[in-house]
Amino acid sequence: MTKFTKAILLAAALIFAPLSAAQADNDIGCGVGTEVFKGQAGPVQKILASWTNAITFQSVSITLGVLNCGSLNDTITASAQTRHFAAANIDALARDAAMGRGESLDTLAALLEIDDTDAFGQFAQTNYDALFPTASVTSDELLVSLDRLIATDERFASAQL
Amino acid sequence: MGRPGAVMRRPFCAALLLALACLLFPASADASADPAPTPESVGALARDPHWLALLHQARHRPSRAARRSLTERGFYLHPEGATDPARELAATRAAMTEADPERARATRCRLPARHAFLATHGLVPAERGACPEFEKWRAAIGDARATMVFPEAFLGNPSSMFGHTLLRFDPVDAAGGRDAPLLGWTLDYTADPGDDPGPLYLVRGLVGGYLGRFGIAPYYVKTRIYSDWQDRDIWEYPLALSREEVDQVLLHVWELERVALPYVFFTRNCSDYLLDVLETAWQGLDRAGGFPPAVTPIDTLRAIEARAPGSVGAPRFRASPATKLQAALARLEPEEGELVEALAAGAIPPDDPRVVEKPDDLEGRILTLAYDLTYHRTTARNEPSTAEKERLSSLLRARSRLGIAAEEAATVEAGERVDPLGGHGTARVEVAGGVDEGEAFVEWRIQPSFHEAIDAPDGFAEGGEIRFLDTRLRYYPEHGRVRLQEFTVLDVSTASPWRPPFRPLAWHTGIGLQTRRLSDDDGSGLEPESLFRFQGGIGAAAAPVRRLHLYAFGEVVVEAGRGLEGDAAAGPLARVGASWSSKGGATTLRAEAIAGGLFGADASEWLRIEIEQRVTLTEKWSFTVGGHFDRAYGVGAYEGRASFIRYF
């Protein structure tokens, strides 16, 4: 092998060195009740991964239809889409609730058919401690608390959890 | 037999015959009553741009690998459907109307866009039948608008260095009429490299070694990936598709479910395949004149924009967490910034007096920023420690107790940023003239992609540079010689400026053929010699003043060529430079210096100094002038050059 060829191969190996291919496993998972602040390495990653490689379009129907995983908690009446959204966005929801406004909170309001997003934001901030009592609240727990608190506030009488 | 004109002398008979003919053969001129397609009309239909679009044969012919894949997966019903649209049309029609009603219905449900097309032209009955899976899927999306989503270049991953495009369908009634982009359904095409290691992944991606699939995911998942995880700013361009046109696109999207197509990085990539999808509603989407041959995501947007004024609307800018953090931190006084850092590090608690004594809105901003900074450092990419989780939780709790809503200006505006569509064309052709060691030359240059430091920076990643297949041919009139002056296969540089608390690593890598003036065999003069060169390294960049970009790199260089003593040399070097652009990019000035060593058969120094200026003449034309002095292998050479650049 000539020096020239060696140089080319060395260079080829070097030029391709700074790579990071985003790999994701395909675990569509039932773990929708994801913990807040769990980070990318945890179950949130798996949820994201399940969508990154969304191989079949049925995955749309799966979310919107029935998350056939055996209900974690019989008191959860939220639709599968709401549960999935809450799971994938739990961190952002915590932040928006503390801030009193935000896009994720507005989107959750839309899913719950609540029109007054300002009031909902204020409500979430006022009730922050009840909604996020610990540093490891799960999204399903959040929805249960929300369901309970909204029922007592007549501003959200029309909400559909 | 009979004498000519016999019939004509009997006009009454002729009229009688005609009347009889009309009675016996009722006219089928009324097409709406009985649209019996003739062979000619079916043939014409097979060449209809809409039909070709549905077969993904409108913009280019599928490659052999694509044809094989599409036929195997049943996208083409006829074995020759990949190259014969007429046969495919006949086969589709036959399958949709075949004797077995279940199989016919299954085909109609699997290919609803084709069914709609054939039904419109009377080739199949309009009734599709019950398609529960398709209808459930279609109802889940509902009435929608379309948006083209463009995450900016991500130079940490070569396959993302030109950006990415996704097509988002926004349900009109997702939020009672309000905007809820996070609930949009996003279609994109991606290749799955599996477990292939880096170099193999890149090579296979360049030559079509992977099959990619179309996928649909909620937009809130995509923002987690591109925005939160990869820190990419996103531009969301609304497309002027009508509801009916969106419906047409969605009918076709369903047909793509099982499809796998070869991914070829520069030509058949995410944006190219999305153009094929849009073509089913908007026929005639062309790249500008077919040049450049590569299709980068920006080119896709340009092709759609070129279709008609207003096809692509003004974009909405979605700032990444890093961008938001930088903007928010820049607005703080130094003392406030220190408090943020201390909170983020856990050195002080949220109820520290120095924090609490601040006015509520400032206290709120400090707590928010401390949270965002901690989150960005910990949770955004990894799993945080228990202590970090507690810190995040306590910061939010403290923030919530303030009881005031975050300011509206929490959203970061694009500001001075120009969206990618406003940038210069990504391909260029250049004509230059100059003097090279006393010899005059004329030079032609062609570069299919993408962006250089000397170009107007608007619309491109700050400090980033990508040159692909950069080719220069130089002609010396005095000697009548033509030579390949440069052929750079790929040269990529990312040099994002340091903006505390972010100190991104800059890196550069480049490989190709270059030319140096070296001593000729009898030592009497300097002759241009071709050399293979690899150069790469790491560094840092800064932007102390707006539109001024400074960088410094530590690199290694490897050169090889017959003109060198010992055929090869390598060595370390330091490279520093600066570039400044005027507002709006009307002119750019650039200077660079290299100092290093080259070790081969002998040891020598490498010193280079280069300056250049570019002036924008029009949207598509620029003028540059510059010169350099280069000393290596014991000899020094100078060059001065002026050129006109035409961008495409």
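Just so you know, these numbers come straight off a predicted model, no measurement behind them.

Helix and strand counts for chain B come out as 18 helices and 20 strands. Within chain B, the fraction of its 648 residues that count as buried is 42%. Of all intrachain contacts in chain B linking residues separated by at least 6 positions in sequence, the fraction that spans at least 24 positions is 62%.

So, about the overall build of chain A. Scanning chain A from N- to C-terminus turns up nine helices and zero strands. The linear arrangement of helices and strands in chain A, starting from the amino end, is α-α-α-α-α-α-α-α-α.

This part takes up the domain arrangement of chain B. Taken as a whole, chain B is organised into domain 1 (43-130), domain 2 (139-318), domain 3 (321-410) and domain 4 (423-647). Placing a centre on the C-alpha atoms of domain 1 of chain B and another on those of domain 4 of chain B gives a separation of 51 Å.

To continue, consider the packing of helix H4 (residues 80-88) of chain A against helix H9 (residues 139-151) of chain A. All names here are of chain A. Between H4 and H9, the least distance of the axes is 8 Å, while the angle of their chain directions is 120 degrees. When the interaxial angle is binned, H4 and H9 end up oblique. The chirality of how H4 crosses H9 is right-handed. Two secondary-structure elements touch here, H4 through Thr82, Arg83, Ala86 and Ala87 and H9 through Ser139, Asp140, Leu142 and Leu143. By residue class, the composition of the contact of H4 with H9 is four nonpolar, two polar and two charged.

On to helix H8 (residues 132-141) of chain B, then. Residue and element names in this part refer to chain B. Looking only at H8, the buried set comprises Phe134, Trp137 and Ile141. An end-on view of H8 places all buried positions within 70 degrees of arc, on one side of the element. Exposed and oriented more than 90 degrees from the buried face of H8 are Pro132 and Ala139. Taken from the residues just after H8, glycine 142 is the one with a positive phi, measuring 70 degrees.

Attention now goes to helix H12 (residues 270-279) of chain B. Taking burial as the measure, the ten residues of H12(B) include ten buried ones, the bulk of the element. Every buried residue of H12(B) is accounted for by B:Cys270, B:Ser271, B:Asp272, B:Tyr273, B:Leu274, B:Leu275, B:Asp276, B:Val277, B:Leu278 and B:Glu279.

All names here are of chain A. Across the interface, H4 lies against helix H6 (residues 103-111) with an axial gap of 10 Å and an inter-helix angle of 170 degrees. It follows from the interaxial angle that H4 and H6 lie roughly antiparallel. Every residue of H6 that contacts H4 at Gln81, Thr82, Phe85 and Ala86 is listed here: Thr107, Leu108 and Leu111. Looking at the contact of H4 with H6 residue by residue, the classes come out as four nonpolar, three polar and no charged.

This brings us to the nonpolar core. A:Leu93, A:Ala97, B:Val249 and B:Ala370 are the most contacted members of the largest nonpolar core, which has 114 residues in total. Leaving out residues up to four positions away in the same chain, B:Ala370 has contacts with B:Val340, B:Leu343, B:Ala344 and B:Leu395. Membership of the second largest hydrophobic core comes to 15 residues, among which are B:Ala560, B:Leu564, B:Leu573 and B:Ala632.

Conventions and cut-offs
The residue numbering used here restarts from 1 in each chain and proceeds along that chain's sequence as written. Chain A is the first chain written and ligand 1 is the first ligand written, with later ones labelled in order. At least 70 in pLDDT is required for a residue's local features to be given in this predicted model, at least 80 for side-chain atom pairs to be given and counted, and no such filter applies to totals for whole chains, interfaces and linings, which use all residues. Going along the chain from the N terminus, every DSSP run of H or I of four or more residues is numbered as a helix, and every run of E of two or more is numbered as a strand. Field definition: a residue is buried when 20 or more other C-beta atoms are found within 10 Å of its C-beta, exposed when 12 or fewer are, and partly exposed for counts in between, with C-beta atoms placed from the backbone. Distance between backbone-placed C-beta atoms decides contact: two residues are in contact if it is within 7 Å. Reported domain spans reflect what an automatic or database domain assignment gives. All axes here are fitted lines through C-alpha atoms, helices being fitted over the stretch that makes contact, and every angle between N-to-C directions spans 0 to 180 degrees. Under this scheme an angle from 65 to 115 degrees is roughly perpendicular, one under 35 degrees roughly parallel, and one over 145 degrees roughly antiparallel; angles in between are oblique. Here a crossing is taken to be left-handed if its near helix is turned anticlockwise relative to the far helix by less than a right angle, and right-handed if that turn runs clockwise. We call Asp, Glu, Lys and Arg charged. Ala, Val, Leu, Ile, Met, Phe, Trp, Tyr, Cys and Pro are nonpolar, and the rest, Gly among them, are polar. An arc is given here, and it is the one of the directions from the helix axis to the C-beta atoms. Residues enter a nonpolar core if they are buried, belong to Ala, Val, Leu, Ile, Met, Phe, Trp, Tyr or Cys, and are joined to the set through C-beta atoms within 7 Å.

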